[in-house]
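# Secondary and tertiary structure notes
Here's the letter readout for the chains.
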Amino acid sequence: MTDDTIFDKIIRREIPSDILYEDDDVLAFSDVNPQAPVHFLVIPKQRIATLNDLQPEHAELVGKLVLTARQLAADKGLAEDGYRLVMNCNDHGGQTVFHIHLHVLGGRPMGWPPG
Ligand code: AMP
């Protein structure tokens, strides 16, 4: 399919992944190259390439990404110590997969400012 990314292949189960949660709108799976003891991604099933492409009608979907991240973080015992949500946009943001995704990172203190 044109403009497919690797995440579309994960959604369609064409490549393996460690899926943590799925419903009609969102999918969560472990990051293959974890940057923290806990590192997973929450993505919409609908492909939206970057944060720049978000429209007002996506507000509920974006809210669902955050609420899914919050629930899975709590399930993994991260709530009290805390964790970080990151969404990278384009080159300066460090985005490499052009299908928006929320990184959930936890299990260690996070530095600030980011590099
Ligand atoms: P970003 O750099 O913000 O676009 O993040 C893309 C993330 O996708 C990186 O953290 C990668 O490690 C992760 N990633 C790439 N391919 C896969 C895959 N097949 N399964 C799980 N995570 C992946």
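Okay, so let's go over this structure. Only a predicted model underlies this, so the values are computations on that prediction, with no experimental measurement involved.

## Observations regarding the nonpolar core
One finds F40, V42, L65, A69, L102 and V104 to be the most contacted residues of the largest nonpolar core, which totals 15 residues. At the level of elements, strand 2 (26–30), strand 3 (38–44), helix 2 (59–75) and strand 5 (102–106) are the ones that each hand at least two residues to this core. Sorting elements by how many residues they give to this core places helix 2 first, with five residues. Ignoring any residue separated from it by four or fewer positions in sequence, one finds F40 in contact with L20, F29, S30, D31, A69, L72, A73, K76, L102, H103 and V104. One finds L27, F29, L41 and I43 within the second-largest nonpolar core, a separate group that totals eight residues.

## Things to note about the sheet that holds strand 1 (residues 19–22)
Here five strands make up an open sheet; going across it, the order is 1-2-3-5-4 and the pairing antiparallel. Both outer strands of the open sheet, strand 1 and strand 4 (83–86), are each paired with one neighbouring strand and no more. The sheet shows a mean angle of 15° between the axes of neighbouring strands, direction not considered. As paired strands, strand 3 and strand 5 are joined by five bridges and run antiparallel to one another. When the bridges of strand 5 are listed, V38 appears paired with G106. Those strands touched by helix 2 are strand 1, strand 2, strand 3, strand 4 and strand 5, and its axis lies near 155° from that of strand 3.

## A closer look at a nonpolar patch on the surface
Where nonpolar side chains cluster on the molecular surface, the patch consists of V66, Y83 and L85 and spans about 220 Å² of accessible area. You can call V66 partly exposed: its relative accessible area is 37%.

## With respect to the pattern of salt bridges
Tallied over the entire structure, the rule returns six salt bridges. For R12, the salt bridge goes to E14, with nearest N and O atoms at 2.7 Å. Put simply, D23 and K64 hold a salt bridge, and the shortest N to O gap is 3.1 Å. Pair noted here: D23 is in the loop between strand 1 and strand 2 and K64 is in helix 2, with a separation of 41 residues, a long-range link. Take D23: its relative accessible area is 16%, and that puts it in the buried class.

## Regarding unusual backbone geometry
Generally, phi is negative for residues other than glycine and the peptide bonds are trans, each holding for most cases. Of note, the amide linkage connecting W112 to P113 takes the cis form, showing an omega dihedral of 0°. Within the secondary structure, P113 is located in the segment after strand 5. Even without a glycine there, the phi angle at N90 is positive, about 55°. Following the sequence through the fold, N90 ends up in helix 3 (residues 90–93).

About the cut-offs
Residues numbered from 1 in each chain as written. Predicted model: local features only at pLDDT ≥ 70, side-chain atom pairs only at ≥ 80, totals over all residues. Heavy atoms only, no water. Core = buried A, V, L, I, M, F, W, Y, C linked by side-chain atoms within 4.5 Å. Buried < 20%, exposed > 50% of the residue type's maximum accessible area, 1.4 Å probe, protein only. Helix = DSSP H or I, 4+ residues; strand = E, 2+ residues; numbered from the N terminus. Contact = heavy atoms within 4.5 Å. Pairing = 2+ DSSP bridges. Axes fitted to C-alpha atoms, helices over the stretch in contact; angles between N-to-C directions. Patch = residues over 30% accessible without salt bridge, like charges linked within 9 Å, V, L, I, M, F, W, Y side chains within 5 Å. Areas by Shrake-Rupley, 256 points an atom, 1.4 Å probe, with all protein chains shown as cover. Salt bridge = Lys/Arg side-chain N within 4 Å of Asp/Glu carboxyl O.

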